[in-house]
Structure formats: structure tokens, C-alpha cells
Amino acid sequence: MSGNNGGKMATIRKLKSGRWQVLIRKSNHKAIYKTFIEKAVARKWAREVETQIEKDVYTDYGNAETITIQDLIIKYRDDIVPDHKAKKSTTHKLNKLMRYPVASQFLLRLRSSHVYQMQKKMKQEGLAPKTINTYVQLLVQIWNTAKKIWSINLPPQSPFELVTLEKVDNERDRVLTPDEYSLLLKKAEQSNLHILRDFIEFLYCTGARYSEAIGLLRDNVDFDNKLATFMDTKNGEDRTIPLADNVIDILKRYPFGETFFKFRSYDSYKFYFQQACRKAEIEDFRSHDLRACFITNCLLNGMQESEVAEISGHKDFRSLARYTRMKPEDLREKVNNVINLKKAQ
């Protein structure tokens, strides 16, 4: 059964399956097809599309109707991520995203409520607010890539525009006391991960990021001048730092291979690091806090901010200050020195 609406663009016909198919043709427009269960719904949709075409406001979302978020995630992972600096961690996040119900949603049916459900589930799993935001922002990046680079027609308003990110408190004041540091090294030395102690000491004494330490090439260490160069760091630049004698000794203990430190994965290292912290009864301390320990110790020992930033790779003091965790009691001796100096004058 076919129906032609007298000079209109739409044709409606009944298929053998019992469904109703709408075909809309107009010059300078690609033919538009859509199938419905009820004829009345088919007619209503045809009228709406015809009106939009006449007003030149119609957008064909046909190529998005059968695509799911998971389809985009896979394409993004396989086509875009290989060129990323953090491709391993991003791939891990994308694979994790596909385990949430939001990934099964078709693009045109994605709602902000689906994203909120994902956020709620991640909270229940104990993920930190900053980590949850990273996943949401990754979905936003994929959505924008689909629209701008892959030319997939998507609604003008992204469902992510209605999503509120988690409130993040980045302020941390955790650094190790000398006793805590000694105990952590002792417990790390007893770990089944035999390089754990040396790796912790390396991070503590260089302020290096995890990725910089495991990526440090043997060819980029000058043992004679006690210098190491981290290549293509987080800010996109190479960075050369001086090495203390104990750090030189650590590196010499690993004489084989292109790099010095090797882990199966960051998660593997994180497991053993947290295990050592638990055994040392050290609470609320992360591996990245070792970088803050180094920066704080440098400043407490009289190094200038510019000198510390040169080693840590921070571009401005505001960024450096996030890792500076001095407490009033740390400055007590310096204040006394100032008072004693004034008395002597």
C-alpha cells in the first residue's frame, strides 16, 4: 500500500513485515527513509520533516540513528588514541567506559540522565571525583570528535552540556615525615616487587613523575656529570635534572636494558606501593605525593623557587605551589634564626 500526499515530497508504503516506510525525496536533498510501526506516526513524522525541509532547517541524523556510544569509543580508541602521549592509560579508561550502560545507548537517545547514572555508579565503586570527571570529559571529547572530524550529524545541544561535573578538592597537604619515609623504604624492601624500594627512593629524591621515571632512557643519563634528561615530559618539553649520589647508586644497580625501571603496569606498581604503605601504617598517601615531598624538602633546605621549578618542570609558581606543603612547624627554626640575627645586630 502506497500513499502520495498530492505534490508533497513524502511517500508512505506498507512493507511485507507490516511496518510503514516513509520515503521523502526533494531535489538537492538526499533521499530520506524511516520505518514505523504505526501509519499515523509515520504520517506525523513525514509532515514534520517536510516542514523542516521547506524552512531549510532539516538536519539528517540518519547516520547517527544506528550508532552507539560504544561504537564511537571503539573508533576513538583505534583511530585517535594511538597518536596520544598517554595512549596506554587512555585505552584503559576507554575499555572501562564500555562496561557501563551508557555505552550501549544510541547517539540520538543519549540523555544527560544516562551520564548521571554512570557518575553515580562510579561513586559507588569508590572512584575519586577528579577521576569521574576525567571519564565524563573523555566522553565529551569523543562526542565532539564524532561531530567535527567524523562528520556524524548530532543534535545541536550535546547531552553533556546538561551534566554537572563532580566537585574536586585538589588541596592536599600530605608529605612524609622522616620516620614515615624510613619505614616506607623498609617495608618496600620486603615487598615481592624487588625494585619497589629503589623506585620509591628515586621518585622521592628526584621529584620525577611515574611516567618520567619508567621512561628514563639509559642513553639520557650522564653518569659522569650526574645528570638525567626526561624526554617529552607532560608539558611537551625535555627536562634535565641533577642527580644526587644515592640516585646515581640506584641507577647503577640496573645495568641492563634501555630503561632502568620496568613494571607490568601502573596498576601493578600501585598495588605494591599501597601494600607497603599499609604495612608501614601510612595513611592517605599516594605515589604522586612523593613528588610533593621532594619539592617541599627542596624549599625547606633553602633552594629558591626558580631552582626548584627548573628541576620539577613547573612553568610558574602557582603550579609549583600546589606541590608545596610546608607547615608552620617546618618554619619554626627559620623564624628563630631571623630573631636571633636581629638580636645580634
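Up top you'll find the structure we're talking about.
Quick summary incoming for the structure in this document. What you are looking at is a predicted structure, and each value in this text was computed from that prediction instead of being measured. Residue numbers run consecutively from 1 along every chain, following the written order of its sequence. Since the coordinates come from a predicted model, pLDDT governs what is reported: local features require at least 70, and pairs of side-chain atoms require 80 or more to be given and counted, while whole-chain, interface and lining totals use all residues. Based on all heavy atoms of the structure, the side-chain values leave hydrogens and waters out of the count.

**Comments concerning unusual backbone geometry**
This is how it is decided: Comment: elements are numbered from the N terminus, with helices defined as DSSP H or I runs of at least four residues and strands as E runs of at least two. Burial here depends on accessible area, computed with a 1.4 Å probe over protein chains only, as a share of the maximum for the residue type. Under 20% is buried, over 50% is exposed, and the range in between is partly exposed.
Despite not being glycine, Lys226 shows a phi value in the positive range, around 55°. Note that Lys226 resides in the loop between strand S5 (221-222) and strand S6 (227-230). A relative accessible area of 34% places Lys226 in the partly exposed class. The phi dihedral of Glu281 is positive, around 55°, even though this residue is not glycine. Tracing the sequence through the fold places Glu281 in the loop between helix H11 (266-279) and helix H12 (289-300).

**Some points on the packing of helix H8 (residues 196-206) against H11**
Our working rule: Axes here mean lines fitted to C-alpha atoms, for a helix over just the part in contact, with angles spanning 0 to 180 degrees between N-to-C directions. Under this scheme an angle from 65 to 115 degrees is roughly perpendicular, one under 35 degrees roughly parallel, and one over 145 degrees roughly antiparallel; angles in between are oblique. By definition in these notes, contact holds between two residues if any of their heavy atoms fall within 4.5 Å. Each residue is assigned to one class: nonpolar for Ala, Val, Leu, Ile, Met, Phe, Trp, Tyr, Cys and Pro, charged for Asp, Glu, Lys and Arg, and polar for all the others, Gly among them.
Their axes nearest at 11 Å, the elements H8 and H11 cross at an angle of 85°. Between H8 and H11, the interaxial angle falls into the category roughly perpendicular. Of H11, the residues touching H8 (which contributes Leu196, Phe199, Ile200 and Leu203) are Tyr269, Tyr272, Phe273 and Ala276. Tallied by class, the residues present in the contact of H8 with H11 amount to 8 nonpolar, no polar and no charged.

**A word on the packing of helix H3 (residues 69-79) against helix H4 (residues 87-97)**
Spelled out, the test is: Note: crossing handedness is left-handed where the near helix turns anticlockwise from the far helix by less than a right angle, and right-handed where it turns clockwise.
As a packed pair, H3 and H4 sit with axes 10 Å apart at the nearest point and diverge in direction by 165°. One way to sum up the angle between H3 and H4 is to call them roughly antiparallel. As for how H3 packs across H4, the hand of that crossing is left-handed. The residues of H4 that touch H3, namely those facing Ile73, Tyr76 and Arg77, are Thr91, Leu94, Asn95 and Leu97. For the contact of H3 with H4, the residue count by class is 4 nonpolar, 2 polar and 1 charged.

**Some thoughts on the side chain of Glu212**
If you trace the backbone, Glu212 turns up in helix H9 (residues 210-214). Overall, the relative accessible area of 6% leaves Glu212 in the buried class. Not counting residues within four places of it along the chain, the set of residues in contact with Glu212 comprises Phe230, Thr233, Lys234 and Arg239.

**Some words on helix H7 (residues 178-189)**
Condition: The span expected for a helix works out to 1.5 Å for each residue beyond the first. The arc under discussion is defined with respect to the helix axis, by the directions toward the C-beta atoms.
An ideal rise of 1.5 Å per residue puts 16 Å on 12 residues; H7 measures up with 17 Å between its terminal C-alpha atoms. Those residues of H7 that sit buried are Tyr181, Leu184, Leu185 and Ala188. Summarising the axial view, the buried residues of H7 lie within an arc of 100°, below the 170-degree limit, and thus occupy one face. Packed against the buried residues of H7 are H8 and H11.

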